[in-house]
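Fold and contact review
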Amino acid sequence: MTEGAGLRAGELPDDLTAAEAGMWQAFRNGSVYDLSSGDTVVDDPHGGHPWGEERTVRARIVCWLLLDGPPALAGRVASLKLAGVHISGSLDLAGGTVTPYVEMRRCRFEQDVLLPEARFTTMRLVDCSVPRLEAARVQTEGDLHLPRCRFLRGIRLTDAQIGTDLMLNQAIVHKDRSGRSVAADGLTVGQDLQAELLESHGELSLRAATIGVSLSLRGARLANPYARLALNAPQLTVERSLYLTPAGVGAQAMSGMTPAQGTRIQRFACEGGIRLDDGRFGDAVDFEQARFTLGDDQELSLRRVQTPELRFLGEQPARGRVVLSGARVVNLMDRADAWPGPGRLHMGGFAYENLVPRGPFPLAERLDWVAAATAEYNPDPYERLAAVLRAGGEDEDAREVLLAKQRRHRESLPLAAKLWGYAQDWTVAYGYRPGRAAVWMAVLWAAGSLAFARAGHPPMKRGEHPEWDPVLFSLDLLLPVIDLGQVGFWQLRGGWQWLATAMILLGWILATTVAAGATRLLRRN
């Protein structure tokens, strides 16, 4: 019987094998067609045990069922549900429209699965062995599930449109000829993309992908150490949260839930660079306990990322760089030991509104954090930190940050300006500690009064001088502009003249630094 003839009457084609005939009848009945032997070693689709003809169906017959299959039996819904089946040849559904529900468990595919531009309601491949999945521009009304599958030459989901969930939990994906494990640029997922405990050997590419709810890489292990990136996801849009956090391992662990006590925990681990530049995340980006293994030329890049909350709570990378340039977050939740050291942190233009440290993060370490991000002097990180502290009511800490900024700036100045900076620092701490000026003034005034009280000084002109008062004379020397009527009436010789000159100079320095600090304070306010 030729293909298509008599199908509406439900007749079996003549050239089907026994295994294919059984699959044909199970399709019409909507029941599971299970060819497993019952031996877990033999039934392992990823193992090396051969599966004979009694477990083999041709990919051509599977395509026939899905694209132009027979009608369902009365009162049943036609669907393809296979378990423990070996599918020979290439399953090619490119451009086709598949109406029946598709679910294949513990199946072994001999050749690539080709689904480009195909349309499905829902498709599930669970714990299957697949050489490669080609599914560019595939469309599903419901889910595309690929959990626990192994792909020897990668997955391609470029510009795919998944109606509800895309699941890659516990999948193992090896790279293709271009070095990518999952090529999903332009992917659109209506709800969640779950790739928990995923093992990716190559570049996981999600450039310009859009996820309708959350993207979960809990417990995933991404490895691409000899290329630049293990996760390449610039312009990624996630309506809720991105999770690069631990996952529970074992039967008791549930996706997206806090692991129960006693459950074995697997951290998210990435060996290779991560690029999330220009990403938009509706709730949070979470790096709780994440482990990054970077080369010297690799980086965790969050340039221009926007998210209400960044939870930078991972393990400190020993090498590589963390780049937050231009990123904008509302809450920055972090730990002191999560950030890399000097020269490996870049925060130019990084804006945050609130600091939520997890554990102790004293101001001295926070200043080291800012210094680590500014190999060359840059005022922005200091001013941002001071503004956040001031908004939180920590005015004293904010002044300490701005004082640290001035001291850092001083190191980049020429010698003369640097000396003037030291003078401002020692006297009034660049105006951030104005009480110092009063202390210095009082000390100089007392010292001058005691010194000038030890000896009398003849008047310049007899009968044209006030009464000698060493206290007023010292104060008149120290106060610039203000005239107390003491200076200019007495003859000072030798060391006394030098002492008076020194006090005049110190008075001007104090006044100038106080004025500079006041100007800076007014400008800041």
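Worth saying up front: this structure is predicted, and the values here are computed from it rather than measured. Positions within a chain are numbered from 1, following the residues in the order the chain's sequence is written. Selection of residues for local features in this predicted model requires a pLDDT of at least 70, selection of side-chain atom pairs for listing and counting requires 80 or more, and totals for whole chains, interfaces and linings are taken over all residues. Water and hydrogen atoms were dropped before computing side-chain values, which therefore reflect all heavy atoms in the structure.

Here we take up the overall build of the chain. By definition, any uninterrupted DSSP run of H or I lasting at least four residues is a helix, any uninterrupted run of E lasting at least two residues is a strand, and each is numbered from the N terminus. Counting its regular elements, the chain contains nine helices and 44 strands. A 1.4 Å probe and the Shrake-Rupley method give the accessible areas. Residues count as covered only by the protein chains that appear here. Counting every atom, the chain has about 24,300 Å² of accessible surface; 53% of that belongs to carbon and sulfur.

You can see Asn224 is positioned in the loop between strand S28 (221-223) and strand S29 (229-232). Not counting the four nearest positions on each side in its chain, Asn224 is found in contact with Gly179, Gly202, Glu203, Leu229, Ala230, Glu271, Gly272 and Gln298. Pairs of residues are marked as contacts when any of their non-hydrogen atoms sit within 4.5 Å.

Only buried residues count toward a nonpolar core, which is a set of Ala, Val, Leu, Ile, Met, Phe, Trp, Tyr and Cys residues joined through side-chain atoms within 4.5 Å. Each residue is placed in one exposure class: buried if its accessible area under a 1.4 Å probe, protein chains only, is under 20% of its type's maximum, exposed if it is over 50%, and partly exposed if it falls in between. Counting residues in hydrophobic clusters, the biggest one holds 113 residues, and the most contacted among them are Met104, Phe109, Leu115, Leu187, Phe268, Leu276 and Phe287. It is helix H2 (residues 59-68) that provides the largest number of residues to this core, a total of seven residues. Here Leu115 is in contact with Leu93, Ala94, Phe120, Met123, Leu133, Glu134, Ala135, Ala136 and Val138, once residues within four sequence places are set aside. Among the nonpolar cores identified, the runner-up in size contains nine residues, and Met441, Phe473, Leu478 and Leu510 belong to it.

Among the five residues of strand S3 (residues 79-83), four are classified as buried, and the element is accordingly described as predominantly covered. Two strands qualify as a pair provided that DSSP identifies no fewer than 2 bridges between them. In the sheet, S3 pairs with strand S7 (residues 101-105) via five bridges, with the strands oriented parallel. Across the sheet, Leu82 pairs through a bridge with Met104, a residue of S7.

With 84% of its residues at a pLDDT of at least 70, the chain reaches an overall mean of 87. One confidence number per residue, pLDDT, is output by the predictor and ranges from 0 to 100. Scored below 50 in pLDDT, residues 1-6 shows eight contacts in the model against residues more than four places distant or in partner chains.

If you trace the eleven strands from one edge of the open sheet to the other, you get S5-S9-S13-S17-S21-S25-S29-S35-S39-S41-S43, paired in parallel fashion. Looking along the sheet, the strands with just one partner apiece sit at the ends: strand S5 (91-92) and strand S43 (345-346). Pairing of strand S21 (residues 180-183) with strand S25 (residues 203-205) involves three bridges; the strand directions are parallel. Considered in S25, the bridge of Ala183 is made with Ser205.

Count a disulfide wherever a pair of cysteine sulfur atoms falls within 2.5 Å. One pass over the structure, following the stated rule, counts zero disulfides. You can see Cys107 has no disulfide; the closest cysteine sulfur is in Cys128, sitting 4.7 Å from it. Given a relative accessible area of 0%, Cys107 falls into the buried group. For the unlinked cysteine Cys128, the closest cysteine sulfur is that of Cys149, found at 4.6 Å.

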